[in-house]
Amino acid sequence: MPRFGDLTRDDLIEWCKSQGAPAFRADQIRGWIFGKRVNDFDVMTDLPAKLRAQLTANFALFTSTIVSHQKSTDGTEKLLLEMFDGHFVECVLMREDDRRTICISTQVGCAMGCVFCASGLLGVKRNLTGGEILEQVLRLDRLLPWAERITNIVVMGIGEPLANLKNLTAALDHLNQNGGMGIGARRITISTVGLPDKIRELAKIGRQYNLAVSLHAPNDELRTQLVPVNNKIGIEALLQSTDDYFQETGRRVTYEYVLLGNLNDAPEHAHQLVQLLKHRAAHVNVIPMNHVETLPFVEPNERRKREFIAILEAGGIPATIRKRKGADIDAACGQLRLKQEQQLVK
Ligand code: SAH
């Protein structure tokens, strides 16, 4: 049965008309799902009974099932969802002060092969559809009490978002359209391994998404070692595309940098990073390494981390350290799915 979330708002308007219902019904239906958190077409009491029956007969609202729901002592919650075809993805809800930030996945697995990342260890199976991306948002939204709403979205779960850009933007568009959740592009951050053509494509669609680029190394030799797709791209070409992104959208770009002990964490690397970014509207988000079983990488000690940040700041580059969330529940994306898929192949 077709998945409701795979329809765009325009598709839904067309569908309503095809059923002899006026166009405004589309936003009414959307309002029930996105605003009133209803999971069943049949309780949409201001719709004619016939239309409710047509919706129920034609669409499934959820096609995934929750196979695991973990709760951390810091308020972070994580869902492992099983897709209709037996594949798994993860999504996370994080709580901090007034913020309710969710982290969502875009692919089953990942083809990029970053050597420190759990998501890519089994390669990529397929793209998620727009509806499957949207389902994660809806599932996480329903974990919140009535008075609380999702405030921010980070597309930093499993997969390379820009390798599935069309489905991702279709899903995200729903959120800010009439009848949606009132989450605008400025509260959404898309994290990418850094695919220049796709970064330009994203800039051209005219939304104000925050762009985060997984740089992780300040020179090509090291970056290619850690992020193998760099071999075909190169830092220079990548930064040209992020400059274009800034020109086009006016949004300052964030560069993610996972600190790996004795690999990319030397003072020299911080100095090189300053040289790369000092004339750009940039911000560096230093990410502590999340331990992945079977991978040898370790987190540097506190002194080394502080020294790295201090060099960036002295060079005029704003830098923050990402807070670790849900450490007690494997909340770093990719780990739970990896365990689940590995259990299945054993
Ligand atoms: N494909 C996207 C999203 C990846 S996940 C991208 O490459 O940006 C979001 C961030 O977490 C990326 O910067 C990614 O490189 C980083 N990451 C992956 N594995 C990690 C680990 N084990 N510890 C810390 N950060 C990790």
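Structure shown above.
Residues numbered from 1 in each chain as written. Predicted model: local features only at pLDDT ≥ 70, side-chain atom pairs only at ≥ 80, totals over all residues. Heavy atoms only, no water.

1. Examining empty space enclosed by the protein
Scanning all chains against the criterion turns up one cavity of 30 Å³ or more. Along the walls of the largest cavity sit Arg3, Phe4, Gly5, Leu61, Gly131, Leu134, Glu135 and Leu138, which together make up its complete lining. Across the lining of the largest cavity, the residue classes tally to four nonpolar, two polar and two charged. (1 Å grid on protein atoms, 1.4 Å probe; cavity = no way out; pocket = protein on both sides within 12 Å on 5 of 7 lines; lining within 4 Å. Points joined across faces, edges and corners; volume = space filled by probe spheres on them. Nonpolar A, V, L, I, M, F, W, Y, C, P; charged D, E, K, R; others polar.)

2. Thoughts on helix H6 (residues 196-204)
Looking at H6, one finds that the buried residues are Pro196, Ile199, Leu202 and Ala203. Looking straight down H6, one finds that the buried residues subtend no more than 120 degrees of arc, so they occupy a single side. Facing away from the buried side of H6 by more than 90 degrees, the exposed set consists of Asp197 and Lys204. Immediately beyond the C-terminal end of H6, within one or two residues, lies Gly206, with a positive phi of roughly 75 degrees. (Buried < 20%, exposed > 50% of the residue type's maximum accessible area, 1.4 Å probe, protein only. Helix = DSSP H or I, 4+ residues; strand = E, 2+ residues; numbered from the N terminus. Arc of directions from axis to C-beta.)

3. Topic: the sheet that holds strand S8 (residues 188-192)
Spatial strand order, S1-S2-S3-S4-S7-S8-S9-S10-S11-S12: 10 strands in an open sheet with mixed pairing. With one partner strand each, in any of the chains shown, strand S1 (65-71) and strand S12 (319-321) form the two edges of the open sheet. Neighbouring strand axes in the sheet, compared pairwise and without regard to direction, differ in orientation by 20 degrees on average. As paired strands, S1 and strand S2 (residues 77-82) are joined by six bridges and run antiparallel to one another. If you follow Ile66 over to S2, its bridge partner there is Leu81. (Pairing = 2+ DSSP bridges. Axes fitted to C-alpha atoms, helices over the stretch in contact; angles between N-to-C directions.)

4. Comments concerning the pairing of strand S3 (residues 88-96)
With seven of its nine residues buried, S3 lies for the most part within the structure. Both S2 and S3 contribute to a ladder of six bridges, which runs antiparallel. Residue pairing across strands places Leu80 opposite Glu90, the latter belonging to S3. Sheet topology places S3 next to strand S4 (residues 99-103); five bridges connect them, and they run antiparallel. Looking at S4, one finds that Leu93 is bridged to Ile102. Remark: two residues form the turn of the hairpin made by S3 and S4, two consecutive strands paired antiparallel; Asp97 in that turn has positive phi of roughly 50 degrees.

5. What about the site of the ligand?
Around the ligand, the surrounding shell holds 19 residues, and the nearest of these are Gly159, Ser191, Ser214, His216 and Asn290. At 3.0 Å, a backbone N or O of Phe116 approaches a nitrogen atom of the ligand. Within the side chain of Glu256, one N or O atom sits 3.3 Å away from an oxygen atom of the ligand. When the ligand sits alone it has 530 Å² of accessible area, and the protein chains cover 91% of it. Put simply, the parts of the chain that give the shell around the ligand at least two residues each are S8, strand S10 (253-259) and strand S11 (282-288). (Near = heavy atom within 4 Å. Polar contact = N/O pair within 3.5 Å; in protein donor to acceptor, adjacent residues only side chain to side chain. Areas by Shrake-Rupley, 256 points an atom, 1.4 Å probe, with all protein chains shown as cover.)

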